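# Structural overview
Listed here are the chains, written in short residue letters.
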Amino acid sequence: MTVPADPPRLGSGRADRIAGTAGAYAGQGGDAHGGVATARAEHVLSRLQLLITRKLDGLLQGDYIGLLPGPGTEPGESREYRPGDDVRRMDWPVTARTTVPHTRQTVADRELETWLAIDLSASLSFGTAQMLKSDLVVAAAAAVTHLTVRAGNRIGAVVGTGGGHTARLPARPGRKEAQGLLRAIARTPIKPGRTDLGALVDMLNRPPRRRGLAVVISDFMAPPADWGRPLRKLAVRHDVLAIEVVDPRELELPDVGVLVLADPETGALHEVYTGDAKLRAKYAEGAAAQRSAIAYELRAAGAQHLRLRTDSDWLLDIVRFVAAQRHARTRGTTR
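Below is a summary of the structure that appears in this document. (Residues numbered from 1 in each chain as written. Predicted model: local features only at pLDDT ≥ 70, side-chain atom pairs only at ≥ 80, totals over all residues. Heavy atoms only, no water.)

Turning our attention to the pairing of strand β7 (residues 239–246). β7 sits mainly inside the fold: eight of its eight residues count as buried. Going residue by residue along β7, you find D239, L241, I243 and V245 tucked away on one face and V240, A242, E244 and V246 tucked away on the opposite face as well. Since strand β6 (residues 213–218) and β7 lie parallel, the crossover through helix α7 (residues 224–237) that links them has a hand, and here it is right-handed. One ladder, built from six bridges, connects β7 with strand β10 (residues 304–309); its direction is parallel. Within β10, the residue paired with I243 across the bridge is L306. (Buried < 20%, exposed > 50% of the residue type's maximum accessible area, 1.4 Å probe, protein only. Helix = DSSP H or I, 4+ residues; strand = E, 2+ residues; numbered from the N terminus. Right-handed = clockwise from strand over helix to strand, strands pointing away. Pairing = 2+ DSSP bridges.)

It is worth spelling out the environment of V216 at this point. Mapped onto the fold, V216 is located in strand β6. With sequence-adjacent residues up to four places away left out, V216 is seen in contact with A117, L197, V201, L231, L241, A242 and I243. (Contact = heavy atoms within 4.5 Å.)

Let's shift gears to the packing of helix α4 (residues 133–148) against helix α5 (residues 175–186). For the pair α4 and α5, interaxial distance at closest approach is 10 Å and the crossing angle is 170°. Our classification of the angle between α4 and α5 gives roughly antiparallel. Note on element contacts: α5 touches α4 through R175, A178, L182, I185 and A186, opposite V138, A141, A142, T145 and H146. Among the residues forming the contact of α4 with α5, the class breakdown is seven nonpolar, two polar and one charged. (Axes fitted to C-alpha atoms, helices over the stretch in contact; angles between N-to-C directions. Parallel < 35°, antiparallel > 145°, perpendicular 65-115°, else oblique. Nonpolar A, V, L, I, M, F, W, Y, C, P; charged D, E, K, R; others polar.)

The next subject is the pattern of salt bridges. Two side chains carrying opposite charge are able to pair once their charged atoms lie near each other. One pass over the structure, following the stated rule, counts 14 salt bridges. Between E113 and R154 there is a salt bridge; the shortest N-O distance is 2.6 Å. In this pair, E113 sits in strand β3 (residues 113–120) while R154 sits in strand β4 (residues 154–161), placing the two residues 41 residues apart along the sequence. R206 serves as the salt-bridge partner of D202, at 2.8 Å between the closest nitrogen and oxygen. Of the residues examined, R206 reaches a relative accessible area of 45% and is grouped as partly exposed. When salt bridges with common partners are traced through the structure, they connect K133, D219, E244, E250, R291 and R307 into a single cluster. (Salt bridge = Lys/Arg side-chain N within 4 Å of Asp/Glu carboxyl O.)

Rendered as structure tokens:
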């Protein structure tokens, strides 16, 4: 049996790699599940927060309201309808008086409650580029926290890992509480098995809350039928952002001869001869179809979709996404 020499090490220190990838800090590894040692967690996450603050604030100058162009609930002025506006916000009295379709603009709430659904199932303990997918989940959670914790906004999370283990971290205001939430997420050990993503998302529907922002961070590897309906239900009441984390080897196979693959959720081993061009093409085609199905289900649910890759500058991708949302808001669109 031929195995590629020096395969990627999947499981060194999580927060160390996150900060090291962005050029802020390089650590020396951690436990076998990608957990962060307690003694270093505060230091590493502080460095990560500083990096996010500098880059996001440096590139996103000016006042940006939340992570999404959320319409909020406070009533604002009316303006003429534009293609792409949400028809649910039609201002019918003004439309009747002017005989021209108008929509009612709303102002984002001063105190936004944000909830994160963090998927840390075993499939996230994988990475062949700059970091593990679980590292990227923590990094994305840190960026979302930075963008939403201002002005007294509250942020909470539900975290799911393998074997159906879930934890709820209550929403609290303040930067200190937000840092505590990130530490709890970063220290969560990844356990064997698959997270029930649908049940995890549904935890954000209970109990009912005032309109806010819901962010689901996952690789969405579970069948869309399992999580699509809970996500649509969540989007009825809240602005929803789905952050999909992807590793390049999930999209295409390299030509490296015989490759032994292990399913992190079941432990099953598969031996694949990657020198077969037809097999690589079939794999890429299947992967593309899977990602298309995920994107379609997210659109059908009305969620904003941000894809982050372990081989790209994740902070720059977030900056581009937020800038695009700001541009959409200045054009008067709500989606």
